[in-house]
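Survey of secondary and tertiary structure
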Amino acid sequence: MTNPLGDIKIFAANANKQMAATIARHLCVEMGLSEVSRFSDGEINMRVNETVRGSDVFIIQSTSPPVNDHLMELLIMTDAMKRSSANRITAVIPYFGYARQDRKARSHDPISAKLVANMLTTAGANRILTMDLHCPQIQGFFDIPMDHLRGMYVFVDHLKNRFANLNDLVVVSPDLGSVARCNSFAELLDVPLAIVDKRRNPNVADKSDIANFIGDVKGKTAILLDDVVTTGGSLCNAAVSVMEHGAKRVYACVTHPVLSGDAMDKIAASPLERLVVLDTVEIPAEKKGNKLEILSVGPIFANAIDRIHNHKSIGNLFKTDLRYTQLPLQ
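In this text the structure is predicted, and so the values were computed from the model without any measurement. (Residues numbered from 1 in each chain as written. Predicted model: local features only at pLDDT ≥ 70, side-chain atom pairs only at ≥ 80, totals over all residues. Heavy atoms only, no water.)

Secondary structure summary: the protein contains eight helices and 14 strands in total. The C-alpha atoms of the protein give a radius of gyration of 20 Å, which matches the 20 Å a tight globule of 330 residues would have. Overall, the protein is about 60 × 45 × 35 Å in size when its C-alpha atoms are taken along their principal axes. Across the 330 residues in the protein, those meeting the buried criterion constitute 54%. Here the protein contributes 36 positively and 36 negatively charged side chains, and the mean placements of these two sets differ by 2 Å. (Helix = DSSP H or I, 4+ residues; strand = E, 2+ residues; numbered from the N terminus. Rg over C-alpha atoms; globule rule 2.2 N^0.38 Å. Buried < 20%, exposed > 50% of the residue type's maximum accessible area, 1.4 Å probe, protein only. Lys, Arg positive; Asp, Glu negative; His and termini not counted. Charge placed at Lys NZ, Arg CZ, Asp CG, Glu CD.)

Time to look at the side chain of Asp 226. Along the polypeptide, Asp 226 turns up in strand β11 (residues 221-229). One buried charged side chain, Asp 226, makes no salt bridge at all; its nearest oppositely charged neighbour is Arg 181, positioned 4.2 Å away. Reaching out from Asp 226, the side chain makes a polar contact with the side chain of Ser 178 at a distance of 3.5 Å. Excluding its chain neighbours within four sequence positions, the residues that come into contact with Asp 226 are Pro 174, Asp 175, Ser 178, Arg 181, Cys 253, Val 254 and Thr 255. (Salt bridge = Lys/Arg side-chain N within 4 Å of Asp/Glu carboxyl O. Polar contact = N/O pair within 3.5 Å; in protein donor to acceptor, adjacent residues only side chain to side chain. Contact = heavy atoms within 4.5 Å.)

On to the packing of helix α2 (residues 67-83) against helix α3 (residues 112-123). Interhelical geometry of α2 versus α3 gives an angle of 25° and a closest axis separation of 8 Å. Between α2 and α3, the crossing angle belongs to the class labelled roughly parallel. For the pair α2 and α3, the contacting residues are Leu 71, Leu 74, Leu 75, Thr 78, Asp 79 and Lys 82 in the first and Val 116, Met 119, Leu 120, Thr 122 and Ala 123 in the second. Residue classes in the contact of α2 with α3 are distributed as seven nonpolar, two polar and two charged. (Axes fitted to C-alpha atoms, helices over the stretch in contact; angles between N-to-C directions. Parallel < 35°, antiparallel > 145°, perpendicular 65-115°, else oblique. Nonpolar A, V, L, I, M, F, W, Y, C, P; charged D, E, K, R; others polar.)

This prediction gives the protein a mean pLDDT of 91; 91% of its residues lie at or above 70. Counted against residues more than four places away or in other chains, residues 325-330, with its pLDDT under 50, gives 19 contacts. (pLDDT = per-residue confidence, 0-100.)

Here the focus is the sheet that holds strand β1 (residues 8-12). Within the open sheet, the five strands sit side by side as β1-β4-β5-β6-β7. Their pairing is parallel. Either end of the sheet is taken by a strand with one partner, and the two such strands are β1 and β7 (146-149). Within this sheet the neighbouring strands show an average axis-to-axis angle of 20°, counted without direction. Relative to strand β6 (residues 127-131), strand β5 (residues 88-93) runs parallel, the two being bridged by four bridges. Paired with Val 92 across the bridge in β6 is Leu 129. The strands touched by helix α8 (residues 298-309) within the sheet are β1, β4 (56-60), β5, β6 and β7, with β6 carrying the most contacts at an inclination of about 155°. (Pairing = 2+ DSSP bridges.)

Regarding helix α5 (residues 179-189), the residues found buried are Arg 181, Cys 182, Phe 185, Ala 186 and Leu 189. When α5 is viewed along its axis, its buried side chains cluster within an angular range of 135° and face the same direction. Pointing more than 90 degrees away from the buried face of α5 are the exposed residues Ala 180 and Glu 187. Following α5 by one or two positions, Asp 190 adopts a phi angle in the positive range, close to 60°. (Arc of directions from axis to C-beta.)

On to α8, then. Between its first and last C-alpha atoms α8 spans 16 Å; for 12 residues at 1.5 Å apiece the expected length is 16 Å, and the two agree. Most of α8 sits out of view: 12 of its 12 residues are buried. By the burial criterion, the buried members of α8 are Gly 298, Pro 299, Ile 300, Phe 301, Ala 302, Asn 303, Ala 304, Ile 305, Asp 306, Arg 307, Ile 308 and His 309. Among the residues trailing α8, His 311 stands out with phi positive, at a value near 60°. (Expected span 1.5 Å × (residues − 1).)

Moving on, we come to the pairing of strand β8 (residues 169-173). Most of β8 sits out of view: five of its five residues are buried. Of the two faces of β8, the one carrying Leu 169, Val 171 and Ser 173 and the one carrying Val 170 and Val 172 are both buried. As judged from the four bridges shared by β8 and β11, these two strands associate in the parallel manner. Paired with Leu 169 across the bridge in β11 is Thr 221.

This brings us to unusual backbone geometry. Residues other than glycine predominantly adopt negative phi, and peptide bonds predominantly adopt the trans conformation. Here the residue pair Pro 65 and Pro 66 is connected by a cis peptide bond, since its omega of -5° sits within 30 degrees of zero. Within the secondary structure layout, Pro 66 lies in the loop between β4 and α2. Its identity as a non-glycine residue notwithstanding, Leu 259 has a phi of 50°, on the positive side. As for its position among the elements, Leu 259 is in the loop between β12 (249-257) and α7 (263-269). The backbone phi angle of His 311 is positive, close to 60°, even though this residue is not glycine. As for its placement among the helices and strands, His 311 is situated in the segment after α8. Residue His 311 is classed as exposed on the basis of its relative accessible area, which comes to 59%.

Turning our attention to the pairing of β6. Along any regular strand, the residues point their side chains to alternate faces of the sheet. When you tally the buried positions in β6, you get four out of five residues, the bulk of the element. In this fold, the crossover linking β5 to β6 by way of α3 has right-handed handedness. As paired strands, β6 and β7 are joined by four bridges and run parallel to one another. Pairing of Met 131 across the sheet is with Leu 149, part of β7. (Right-handed = clockwise from strand over helix to strand, strands pointing away.)

Structure, rendered in structure tokens:
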């Protein structure tokens, strides 16, 4: 039977071309023909080189660094699809930038995450698909459907394959804001939880200090879990604290590897034995190091897109009795 939403069409701007190709391959469709370039003054030039009239269009684009360029590419491509009479437009944003600006932390602060949500809707997006928002409540900023995938299941599979004895592990939350996420992760692994009490420096962006340590990591392999690593300072400080409290080794599992500035140098010099990340942000070759391990979530997004297109439940992707990373397309 013909899908009333039309054929699936996968397009990519410049942020996630590798992931988009993986998604298209798993869906057995050709990549959509489009071009994203720049005019001489820096303005974005966008062209769609095939018809999308009546199609179910999925645009793959993280708002990763350079954040503003990638965001504008996504907005302009969405507008182009709307003006080309696409039936439905889903913005697939593996890493949602501006997510840390989700509230007024101080007087006169903007709520940039809400602004970005409004811009995407105004541009013509009918649906959003993303993974591991910094703050899950951002889902409420959208007046269109949003599907929120979770990367922790990928890490659970990975750790179960890497470590024969899970009793040797303890999950460590790198700050108080990550406790809920890390507690769910620890429950899935059936291991204890410890917490690093991190305090932000109000005068320096992306700078924090360790105030307290809660829990027991002595003689254990500590697994730090976080949604994003930017400068690497907080993650490396947490790794030092974990080792100072008696852990025998420390790993980190982080969904979004932004890795700005000298982040990889900090990680190379830190006690971290391994940094396991997902490919929601494309990492240039010069930023890849011996400690870095990248897991692909392209197949997961392909499964989610297939389910959205065919009106099937996304919730089935989260059942713990299924292998999250190897679900067949249905």
